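Summary of the model geometry
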Amino acid sequence: MSDADSNPTTESDSSQTATSTETATGSSRRSVDDPILELTDVVKRFGGITAVDGAAFEIERGSITGLIGPNGAGKSTTFNCITGVYEPDEGSIVFDGTDITGHAPNQVATAGLVRTFQIAREFPEMTVLENMMLAPKNQLGESLWQSVAPGTRGAVIREEEQFRERSWEVLEFFEIDHLAEEYAGTLSGGQRKLLELARALLTEPELLLLDEPMAGVNPSLEKKLLEHIHELQDQGYTFLLVEHDMDVIMNHTEHVIVMHQGSVLAEGNPESVKSDEAVIEAYLGGEV
Ligand code: ADP
Ligand code: MG
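A few points on the structure. (Residues numbered from 1 in each chain as written. Chains lettered and ligands numbered in written order. Predicted model: local features only at pLDDT ≥ 70, side-chain atom pairs only at ≥ 80, totals over all residues.)

Some thoughts on the sheet that holds strand E5 (residues 98-99)
Ordered by their spatial adjacency, 4 strands build an open sheet running E2-E1-E4-E5, and the pairing between neighbours is antiparallel. Of all the strands in the sheet, just strand E2 (49-60) and E5 have a single pairing partner and so form its edges. Where strand E4 (residues 90-95) meets E5, 2 bridges bridge the pair, whose relative direction is antiparallel. For Phe-95, the partnering residue across the bridge sits in E5 and is Thr-98. Set on the sheet, helix H1 (residues 75-82) makes contact with strand E1 (35-46), E2 and E4; between it and E2 the angle comes to about 65°. (Pairing = 2+ DSSP bridges. Helix = DSSP H or I, 4+ residues; strand = E, 2+ residues; numbered from the N terminus. Contact = placed C-beta atoms within 7 Å. Axes fitted to C-alpha atoms, helices over the stretch in contact; angles between N-to-C directions.)

Description of the sheet that holds strand E8 (residues 238-242)
Reading across the sheet, the 6 strands line up as E6-E7-E8-E3-E9-E10 and stay open at both edges, with mixed pairing between neighbours. The two strands at the open ends of the sheet, each matched to only one other strand, are strand E6 (113-116) and strand E10 (263-268). Mean inter-strand twist for the sheet, computed between neighbouring axes without regard to direction, equals 20°.

Re the pairing of E4
Every other side chain in a regular strand lies on the same face of the sheet, so the side chains alternate between the two faces. Taken together, the 5 bridges between E1 and E4 define a ladder with antiparallel strand orientation. When the sheet's bridge partners are listed, Glu-38 is paired in E4 with Val-94. Linkage of E4 to E5, two consecutive antiparallel strands, is achieved through a turn of 2 residues, within which Asp-96 is found at a positive phi near 55°.

Observations concerning the packing of helix H4 (residues 159-173) against helix H5 (residues 189-202)
As a packed pair, H4 and H5 sit with axes 10 Å apart at the nearest point and diverge in direction by 140°. Classed by the angle they form, the pair H4 and H5 counts as oblique. Crossing handedness for the pair H4 and H5: right-handed. Across the interface between the two elements, Arg-166, Ser-167, Val-170 and Leu-171 of H4 pack against Ala-198, Leu-201 and Leu-202 of H5. Classifying every residue of the contact of H4 with H5 gives 5 nonpolar, 1 polar and 1 charged. (Parallel < 35°, antiparallel > 145°, perpendicular 65-115°, else oblique. Left-handed = near helix turned anticlockwise from the far one by under 90°. Nonpolar A, V, L, I, M, F, W, Y, C, P; charged D, E, K, R; others polar.)

Describing the site of ligand 1
Near ligand 1, the surroundings consist of Phe-46, Ile-49, Ala-51, Gly-69, Asn-71, Gly-72, Ala-73, Gly-74, Lys-75, Ser-76 and Thr-77. Elements that contribute at least two residues to the shell around ligand 1 include exactly E2 and H1. Sorting elements by how many residues they give to the shell around ligand 1 places H1 first, with 3 residues. In the shell around ligand 1, the residues fall into 4 nonpolar, 6 polar and 1 charged. (Near = placed C-beta within 6 Å.)

Remarks on H4
The end-to-end C-alpha separation of H4 is 21 Å, in line with the 21 Å expected for 15 residues at 1.5 Å each. Structurally, H4 contributes buried residues whose contacts are with helix H3 (128-133) and H5. Taken from the residues just after H4, Glu-175 is the one with a positive phi, measuring 60°. (Expected span 1.5 Å × (residues − 1).)

Spelled out as structure tokens, the structure:
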């Protein structure tokens, strides 16, 4: 570790593994057993505004982690730094052991890290299936979807066909296959979120960053969406989600990171974070 001398709390300090809430005093960062994502002192400035100001956290592989904080806390900018939309001014981002700081969005996606947007970005004039077919298909590899591709014997399955097949499987998984031939513009807000998630899944990610996945989704579809997320977690996917609905955070995440003024104010299990005085104060001070 080349940066060991710049940080008095070294990796070997296993006392950091505690799951209790830690407020942002100094550079303390919870260390997890098997991090899929590690942010170290990430800074992103826009002119005079420091949107992200030393954000540092780790995401446990296989977890559903919530990223919360008042408006303007820096959540979206952090997402944008992680996914390569912005290059951080300082700090590093390590995904699955590889430093991806400053990598372009398509490189990050190819590496296995994808995001969805608060406003779904489907093409309304194209059908649902056509939207699926636009997902990056440059890395057909081993996946749960591939296991459903028809027989191995003799037939050389062309990539496009295989991709189409997988598109159907993912649409079936999300129970929107009956909408495959509909124009995406006719879908409800919730169905668009499902389509967005379905598309993200086609890129064979390991880690999915979801920006307000429940915004504009009706309660029954929200329940389904959450069930799907848990099913995917069971299959090994990792989720980091920004979500304003505290019921979703409390009931569906196992770890919560609270950002405030560009850095991590507190983190811990949902219960401990909810009762953390600094967190309550931060929320009361903002518009939420
Ligand atoms: P959150 O998603 O937590 O609401 P953001 O990351 O969107 O917070 O914003 C953090 C801060 O950075 C805010 O003060 C916001 O106004 C500012 N900011 C975000 N994006 C830009 C930008 N492109 N240019 C200038 N300021 C920005
Ligand atoms: Mg935001």
